[in-house]
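One letter stands for each residue in the lines below.
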Amino acid sequence: MEIAVIGTGYVGLVAGACFADSGNEVLCVDKDESKIQALLAGEIPIYEPGLLDIVKRNTENGRLRFTTSLQEGVEAADVIFIAVGTPPGEDGSADLSHVLAVASGIGAAMNGPKTIVDKSTVPVGTARRVHEAIAQELEKRSVSHEFEVVSNPEFLKEGAAIDDFMKPDRVVVGVPSERSAEVMRKLYAPYVRTNNPILVMDVVSAEMTKYAANAMLATRISFMNEIAQLCEQVGADVDEVRIGIGTDSRIGMSFLFPGIGYGGSCFPKDVQALVRTAHANGLPFHVAEAVERVNGEQKRSLVQKMVDFYGGGSNGDSACLRGKHFAVWGLAFKPRTDDVREAPAAVVIDELLSAGATVTAFDPEAEKTFRESFGEREGLSYRGSNYEALRDADALLVCTEWNEFRHPNFDKIRECLREPVIFDGRNIFKSSDLEERGFTYFSVGRPPVIARKRQVNAA
């Protein structure tokens, strides 16, 4: 099948590469000439395990090509995927300007029957607006071509996107007719050979499914983070509670890990957009609003523990952090990606710098993207390894649960730090291991471990 993918960001590049890998002829289009030149040179703009190999393999055999010409992509394709960004506006609603600009461009270049697929995460009603934008351009040209607009939301986890695309739990497609349904079934048939379902539904329901799915997962995280806060107050261990509820088959274990909040390109944006959609339709959305509020508070909870420990008292005066130096492990919002959008680490570091502390940070993949996003700040520096970042720090903060952080050399950590103090925002260490080694250790939702030589006033 001849496919065009408009947008070579995270979703577009993964989709284009994976479609090409199953034998389709794919032309990826992006208006960013520097990005296209890099792709043509065998470089990819994101870190995603396995993606570079697939891109190189399919570029070399000619099934995957890149261009800046939208017209070339439209004219060559039977199926056109729109996979451009939909960043949140100031009010939390999704910015559809890029999507609608592409739709207008498709209408201006259309040369025959096409199936247009919304792959970007978009609010309910976007397919209708895309259809209108294309139809308006055709009318300006005084031409008539058959086309249909399909909703095909993505459910890719960063760090596991290739497996998610190649072996999906399900494929959701919202279609206006059986003709476009059959096109999508044929396109996705190679990925559902183990009989995982292709769920065909109406367009509006497919658009809603994406937001509802991400909001549900975000809800589980925020709920568990509030349970963790309560555990800290009553002396319970949230890990034991998590296992106790997660083994209930009605609940399950997924997305029940407490921490310092969720981030990334999906959950924050999609929860905000869902709330905005509800408000635009005259409905409150109390649950989603609470999920977002709890997540914002959770991102600041680690610094509050530090204030309590260093003597800020009940009024939360962060002046006690002034002049101290901290090591931060992890900048990406999650492991196995370089995505730092809405990363909790950014909130933590910003609060520490604002309090007058200094920070040395390390991340295996995300230093470059964090520098670009966060900017150069006085008091913030970076190191090339996790142990280098520890030198002369008053404490270690863990903000991302990279595997390489899970089993460190604790003797080396102690040797590097001024004091053996760890604030673990991802619960990657066992409290008993830290207690045996004489560390003071704070995690999320678990009783703190206090080194005998120092008493603190902290939950």
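Note that the structure is predicted; figures quoted are calculated from it, not measured.

K.L.:
Could you give an account of the sheet that holds strand β13 (residues 421-424), naming the residues involved and the relevant values?
P.N.:
Across the sheet, 6 strands lie side by side as β11-β10-β9-β12-β13-β14; this open sheet has parallel pairing. In the strand order of this sheet, the two ends are held by β11 (380-382) and β14 (440-442), each with one partner. Taking the axes of each pair of neighbouring strands and ignoring which way they run, one obtains an average angle of 20 degrees across the sheet. Across 5 bridges, the pairing between strand β9 (residues 325-329) and strand β10 (residues 358-362) is parallel. Within β10, the residue paired with Phe-326 across the bridge is Val-359. Across the sheet, helix α13 (residues 301-309) touches β9, β12 (395-398), β13 and β14, and the angle it forms with β13 is around 150 degrees.

K.L.:
Talk me through helix α6 (residues 126-141); I want residue IDs and the actual numbers.
P.N.:
With 16 residues, α6 should reach 22 Å at 1.5 Å per residue; the first-to-last C-alpha distance of 23 Å fits that figure. Looking at the buried positions of α6, the neighbouring elements they touch are β4 (79-82), α5 (97-109), β5 (114-118), β6 (147-151) and α9 (203-234). Looking one or two residues past α6, Ser-142 carries a phi angle of roughly 60 degrees, positive in sign.

K.L.:
I'd love a proper account of the packing of α9 against helix α10 (residues 238-246), names of residues and values included.
P.N.:
It is the contact of α9 with α10, at a shortest axis distance of 9 Å, that shows an interaxial angle of 135 degrees. Here α9 lies oblique to α10, going by the angle between them. Where α9 crosses over α10, the two elements pack in a sense that is right-handed. Between α9 and α10, the contacting residues are Met-224, Ile-227, Ala-228 and Cys-231 on the first element and Val-238, Val-241, Arg-242 and Ile-245 on the second.

K.L.:
Pulling in residues and values, what's your account of helix α15 (residues 367-374)?
P.N.:
All buried positions along α15 are accounted for by Thr-369, Phe-370 and Phe-374. Taken around the axis of α15, the buried residues stretch over an arc of 115 degrees, which confines them to a single face. Exposed and oriented more than 90 degrees from the buried face of α15 are Lys-368 and Glu-372.

K.L.:
Give a description of the pattern of salt bridges that names residues and reports values.
P.N.:
Enumeration according to the criterion identifies 23 salt bridges in this entry. Here Asp-239 makes a salt bridge to Arg-446, at a shortest N to O gap of 3.0 Å. Taken together, the residues Asp-239 in helix α10 and Arg-446 in the segment after β14 connect sequence positions 207 residues apart. Each member of the pair Asp-239 and Arg-446 is classed as buried.

K.L.:
Mind laying out the packing of α9 against helix α12 (residues 286-299), listing which residues take part and the relevant values?
P.N.:
As a packed pair, α9 and α12 sit with axes 9 Å apart at the nearest point and diverge in direction by 55 degrees. Here α9 is positioned oblique relative to α12, judged by the angle of their axes. Remark: the crossing between α9 and α12 carries left-handed chirality. Packed against α9, whose contacting residues are Ala-218, Thr-219, Ser-222, Asn-225, Glu-226 and Gln-229, the element α12 presents Val-287, Val-291, Val-294, Asn-295 and Gln-298 at the interface. Of the residues assigned to the contact of α9 with α12, the class counts are 4 nonpolar, 6 polar and 1 charged.

K.L.:
Report on unusual backbone geometry, specifying residues and quantitative values.
P.N.:
Backbone geometry places Asn-195, a non-glycine residue, at a positive phi of 70 degrees. On the secondary structure map, Asn-195 appears in the loop between α8 (178-188) and β8 (198-201). Overall, the relative accessible area of 70% leaves Asn-195 in the exposed class. Its identity is not glycine, yet Glu-342 carries a phi of approximately 60 degrees, on the positive side.

K.L.:
Kindly report on the nonpolar core, identifying the contributing residues and their values.
P.N.:
Looking at soluble globular proteins, one finds that nonpolar side chains tend to be buried together. In terms of nonpolar packing, the biggest core is built from 40 residues, with Phe-19, Phe-81 and Phe-165 touching the most fellow members. Looking at this core element by element, the count peaks at 9 residues for helix α1 (residues 10-21). Those residues in contact with Phe-19, other than ones at most four positions away along the chain, are Ile-3, Asn-24, Val-26, Phe-81, Phe-165, Leu-187, Tyr-188 and Tyr-191. Residues Leu-331, Leu-353, Ala-361 and Phe-442 belong to the second largest nonpolar core, which totals 36 residues.

K.L.:
Break down the side chain of Thr-337 for me, citing the residues and quoting the values.
P.N.:
Its location among the elements puts Thr-337 in the loop between β9 and α14 (344-354). A distance of 2.9 Å separates the side chain of Thr-337 from the side chain of Glu-158, its partner in a polar contact. Contact partners of Thr-337, with chain neighbours within four places excluded, come to Tyr-47, Glu-158, Ala-332, Glu-365, Ala-366 and Trp-402.

K.L.:
Tell me what's going on with the environment of Cys-399, and back it up with residues and numbers.
P.N.:
Mapping Cys-399 onto the fold places it in the loop between β12 and α16 (410-416). Distance in space between the C-alpha atoms of Cys-399 and Arg-250 is 30 Å, their sequence separation being 149 residues.

K.L.:
So, the side chain of Ser-443: which residues are in play, and what are the values?
P.N.:
Relative to the assigned elements, Ser-443 resides in the segment after β14. With a relative accessible area of 2%, Ser-443 lands in the buried category. At 2.9 Å, the side chain of Ser-443 forms a polar contact with the side chain of Arg-446. Residues in contact with Ser-443, not counting those within four places in the same chain, are Glu-232, Lys-305, Asp-424 and Asn-427.

K.L.:
Got a sec to walk through the confidence of the model for the protein? Specific residues and values, please.
P.N.:
Here the protein shows a mean pLDDT of 95. Residues at 70 or above account for 97%. Across residues 454-459 the pLDDT falls below 50, and counting only partners more than four positions away or on other chains, this stretch makes 15 contacts in the model.

K.L.:
So what's going on with the pairing of β9? Which residues, and what values?
P.N.:
Counted residue by residue, β9 has 5 buried out of 5 residues, so it is predominantly covered. Side chains His-325, Ala-327 and Trp-329 of β9 all project onto a buried face; the interleaved residues Phe-326 and Val-328 project onto the opposite face, where all are buried too. Handedness of the β-α-β unit built from β9, α14 and β10 comes out right-handed. Note: β9 against β12, 4 bridges, orientation parallel. Across the sheet, Phe-326 pairs through a bridge with Ala-395, a residue of β12.

What counts and how
- The numbers attached to residues start from 1 for each chain and follow its sequence in the written order.
- Only residues with pLDDT of at least 70 get local features here, since the model is predicted, and only at 80 or more are side-chain atom pairs given and counted; chain-wide, interface and lining totals rely on the full set of residues.
- Hydrogens are left out, water is left out, and the side-chain values use all remaining heavy atoms of the structure.
- For two strands to pair, DSSP has to find at least two bridges joining them.
- Each helix is a run of DSSP H or I of at least 4 residues and each strand a run of E of at least 2, with the numbering of both proceeding from the N terminus.
- Where helices are involved, their axes are fitted lines through C-alpha atoms of the stretch in contact, as for all axes, and angles between N-to-C directions lie from 0 to 180°.
- Contacts: residue pairs with any heavy atoms within 4.5 Å of one another.
- Each helix should span, by expectation, one fewer than its residue count multiplied by 1.5 Å.
- By the definition adopted for this analysis, an angle is roughly parallel if under 35 degrees, roughly antiparallel if over 145, roughly perpendicular if from 65 to 115, and oblique otherwise.
- For any helix crossing, the convention is left-handed if the near helix is rotated counterclockwise from the far helix by under a right angle, and right-handed if that rotation is clockwise.
- Relative accessibility under 20% of the residue-type maximum defines a buried residue, over 50% an exposed one, and the middle range a partly exposed one, all with a 1.4 Å probe and only protein chains included.
- Each direction from the helix axis to a C-beta atom contributes to the arc, which is the arc of those directions.
- For salt bridges, the criterion is a side-chain nitrogen of Lys or Arg within 4 Å of an Asp or Glu carboxyl oxygen.
- Gly is put with the polar residues, along with every residue not named as nonpolar or charged; the nonpolar set is Ala, Val, Leu, Ile, Met, Phe, Trp, Tyr, Cys and Pro, and the charged set is Asp, Glu, Lys and Arg.
- In this text, buried Ala, Val, Leu, Ile, Met, Phe, Trp, Tyr and Cys residues form a nonpolar core when linked through side-chain atoms within 4.5 Å.
- In protein, a polar contact requires one atom able to donate a hydrogen and another able to accept it; more generally it is a pair of N or O atoms within 3.5 Å, and residues adjacent in sequence count only if both atoms are side-chain atoms.
- pLDDT is a per-residue confidence score from the predictor, ranging from 0 to 100.
- When the strands point away from the viewer, a crossover counts as right-handed if the route from the first strand across the helix to the second turns clockwise.

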